[in-house]
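# Structure assessment
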Amino acid sequence: MPIFTEDFRTTPWWWDGFAPPEEAPAELPASADVLIIGGGYAGISCALTLAEGGRQPLVLDAERLGWGASSRSGGQVTGGVNVGKIPGGGNAVAGATARRDALLREAAEGMRHLLALMERHQIRCGWHPTGRLTALWTPAHRAGWEARLDGLNRHAEAEARMMTREELRAELGSDLYAGGVLIGRAGHLHPAQLFGGLLAAARRAGAVAQGGVRVTGIHPAPAGASGRWAVQTSRGEIQAGTVVIATNGYTGRLAGDLHRRIIPVTTHMIATEPLPAGLAQSILPTNRAVSETRRVVNHYRLSPDGTRLLFGGRARFFPASEQATASILHRQMLERFPQMRGVRIANSWGGKVAVPFDYLPHIGEHQGIHYALGCNGSGVVMMNWLGHGVARKILMGSDAPPSAFDRGPMPTHPLYHGTPWFLPVVGTYYQMRDRLDRRATKPAA
């Protein structure tokens, strides 16, 4: 039986609701107050805050505005759940608990900021504040989440509670999991429509944004120039007083060795055809978003209109066609929902997220250039918040509120030079560990 629809497409299903704009090239200025490289959530949010603060930002993107992860993600929204774990830290490390709590509080503030933006600018993007289910891949994962609940609830306002296997089964039409966690203060939305609303708001505030302009170099401007930086682009040089890097998983070799401090990881998604009557309700009766506790995570949710399943994960750690990754995700989908056998795939696509070596989002300055990088796949809230945070630093200088995500230089590794040669090996190992964990788990009684 074929798994693809007759009109199967290798573009994001989200683009049916808002597609990255194909705009005629506008005349670029010879100089810019603030030049922001990267026209996704972080860059546009930075521009919106700057423009509302009286500055004149210019946003450039090598592709169409919003073409990257901002219009390709799963659209899940939480406030801090994914940034409160410090790898290698834990409570035994001095200062780790206070640092974790500060991250949680600020991530919760980031979610409040995003919801306030959506309300203030009347952005209609299919927002469903229905919560998120974190499904336990094995019973052994329960203890770690139980230990996190108090901090999540006190600092991230997560409204989180543990769920038994039976409780989860009432919320999720799958027998695969060993229980779960309900994150009450969470939900899902249409990420491309969110981007479109933010772009319109930034332009109304006075920001200029142009896609199809590749930045090829950033150098200190010569003495007597109108700006601090000379920025080379595919359409000529621009003098800029301030430069911001907001390219995340698409960051190239523009600012020193900044590219050595993030690992671009491709994640994949599929969208099903419209589901038969009653099937969507049987799979996700409460319309919650779902993520898993595997090392190589799968995540899924219903479309904003409740008619399709949108299913994602890291299907391959080396280049593969959208048809190949769709086949892998389709098999994983059926493993969770055998009742979906016969449902075909309408869209398959991929996008890059940025993973820092400490697994935490960052804002800061690198050789005098501002940056907002490293959402680890939690970009709907975090990249908007990081862009806003960089703008506040530019507007307010030392008077800007301190940020838990501004912690000095991003870490790197001496053997990493910007090309993630190790991902196929590490990713395959993690997938194997996930399978072994399942095999070692006795079925729940």
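Computed from a predicted structure; not experimentally measured.

A tally of helices and strands in the chain yields 9 helices and 19 strands. Across the 445 residues that make up the chain, the buried fraction comes to 57%. Within the chain, contacts between residues at least 6 apart in sequence are counted, and of these 74% link residues at least 24 apart. Counting 47 positive and 35 negative side-chain charges, the chain places the averaged centre of each group 5 Å from the other.

In any sheet, the strands associate via hydrogen bonds between backbone groups, in a parallel or an antiparallel arrangement. Across the sheet, which stays open at both edges, the 9 strands sit in the order S1-S17-S13-S16-S15-S14-S5-S7-S6 with mixed pairing between neighbours. Among the strands making up the open sheet, the edge pair consists of strand S1 (4-9) and strand S6 (160-163). Going from strand to strand, the sheet's axes swing by 25° on average, the running direction of each strand aside. Sheet topology note: the S6/strand S7 (residues 180-183) ladder contains 4 bridges and is antiparallel. By the bridge assignment, Met162 is partnered in S7 with Val181. Against the sheet, helix H3 (residues 142-155) makes contact with strand S5 (132-135), S6 and S7, and its axis sits at roughly 160° relative to S6, the strand it touches most.

Evaluated as defined, the whole model comprises 11 aromatic pairs. Ring centres 5.6 Å apart and planes at 65° place the aromatic pair Trp13 and Trp14 in the edge-to-face group. Neither Trp13 nor Trp14 differs from the other in exposure class; each is buried. Pairing Trp421 with Phe422 gives two aromatic rings, centres 5.3 Å apart and planes at 85°, and the pair type is edge-to-face. Here Trp421 falls in the exposed class, since its relative accessible area comes to 57%. Residue class for Phe422 comes out buried when judged on its relative accessible area of 17%.

The next thing to look at is empty space enclosed by the protein. Going through the model one piece at a time under the given rule, you end up with 1 cavity of 30 Å³ or more. The volume enclosed by the largest cavity comes to roughly 60 Å³. Lining the largest cavity, in full, are Glu106, Ile363, Trp385, Leu386, Gly389, Arg392, Lys393, Ala400, Pro401, Ser403 and Phe405. A class-by-class count of the residues in the lining of the largest cavity yields 6 nonpolar, 2 polar and 3 charged.

Right, let's get into the environment of Thr134. Within the secondary structure, Thr134 sits in strand S5. Considering only alpha carbons, one finds Thr134 and Leu168, 34 residues apart in sequence, at a separation of 9.5 Å. Other than its neighbours up to four places away in sequence, Thr134 contacts Trp145, Gly179, Gly180, Val181, Ile183, Ser291 and Thr293. A polar contact is formed between the side chain of Thr134 and the side chain of Arg132, at a distance of 2.9 Å.

Take the nonpolar core next. Ile36, Ile44, Leu194 and Met382 are the most contacted members of the largest nonpolar core, which totals 48 residues. Those elements that place two or more of their residues in this core are strand S2 (31-37), helix H1 (41-52), helix H2 (96-120), helix H5 (191-205) and helix H8 (379-396). Here this core takes 9 residues from H8, the largest share from any one element. In this view, Met382 contacts Val83, Ala107, Pro361, Cys375 and Phe405; residues no more than four positions away in its chain are not counted. Leu279, Ile283, Ala326 and Ile345 belong to the second-largest nonpolar core, a separate cluster that totals 31 residues.

What follows covers the environment of Ser234. In this fold, Ser234 is placed in the loop between strand S11 (229-233) and strand S12 (236-245). Along the backbone, Ser234 and Ser303 are 69 residues apart, and their C-alpha atoms lie at a distance of 38 Å. Once you skip the residues sitting within four places of it in the chain, Ser234 turns out to touch Gly212, Val213 and Arg214.

For the pair H2 and H8, the least separation of the axes is 9 Å and the interaxial angle reads 95°. Our classification of the angle between H2 and H8 gives roughly perpendicular. Within the contact between the two elements, H2 uses Glu106, Ala107, Glu109, Gly110, Met111, His113 and Leu114 and H8 uses Val380, Val381, Met382, Asn384, Trp385, His388 and Arg392. Of the residues that constitute the contact of H2 with H8, the class distribution is 7 nonpolar, 4 polar and 3 charged.

A word on unusual backbone geometry. One non-glycine residue, Glu157, lies in the positive phi region at around 55°. Structurally, Glu157 is set in the loop between H3 and S6. Note on Glu157: relative accessible area 32%, which makes it partly exposed. Phi is positive for Gln367, which is not a glycine, with a value near 55°. Relative to the helices and strands, Gln367 resides in the loop between strand S18 (362-366) and strand S19 (369-373). Overall, the relative accessible area of 58% leaves Gln367 in the exposed class.

Glancing now at the pairing of S18. Among the 5 residues that make up S18, 4 are buried, leaving the element largely enclosed by the rest of the structure. Of the strand pairs in this sheet, S18 and S19 are connected by 5 bridges, and their pairing is antiparallel. Among the inter-strand pairings, Ile363 is bridged to a residue of S19, identified as Ala372. Once S18 ends, the chain turns through 2 residues before running back antiparallel as S19, passing Gln367 with a positive phi of about 55°.

The rules behind each value
Residues numbered from 1 in each chain as written. Predicted model: local features only at pLDDT ≥ 70, side-chain atom pairs only at ≥ 80, totals over all residues. Heavy atoms only, no water. Helix = DSSP H or I, 4+ residues; strand = E, 2+ residues; numbered from the N terminus. Buried < 20%, exposed > 50% of the residue type's maximum accessible area, 1.4 Å probe, protein only. Contact = heavy atoms within 4.5 Å. Lys, Arg positive; Asp, Glu negative; His and termini not counted. Charge placed at Lys NZ, Arg CZ, Asp CG, Glu CD. Pairing = 2+ DSSP bridges. Axes fitted to C-alpha atoms, helices over the stretch in contact; angles between N-to-C directions. Phe/Tyr/Trp six-rings, centres within 6.5 Å; stacked < 30°, edge-to-face > 60°. 1 Å grid on protein atoms, 1.4 Å probe; cavity = no way out; pocket = protein on both sides within 12 Å on 5 of 7 lines; lining within 4 Å. Points joined across faces, edges and corners; volume = space filled by probe spheres on them. Nonpolar A, V, L, I, M, F, W, Y, C, P; charged D, E, K, R; others polar. Polar contact = N/O pair within 3.5 Å; in protein donor to acceptor, adjacent residues only side chain to side chain. Core = buried A, V, L, I, M, F, W, Y, C linked by side-chain atoms within 4.5 Å. Parallel < 35°, antiparallel > 145°, perpendicular 65-115°, else oblique.

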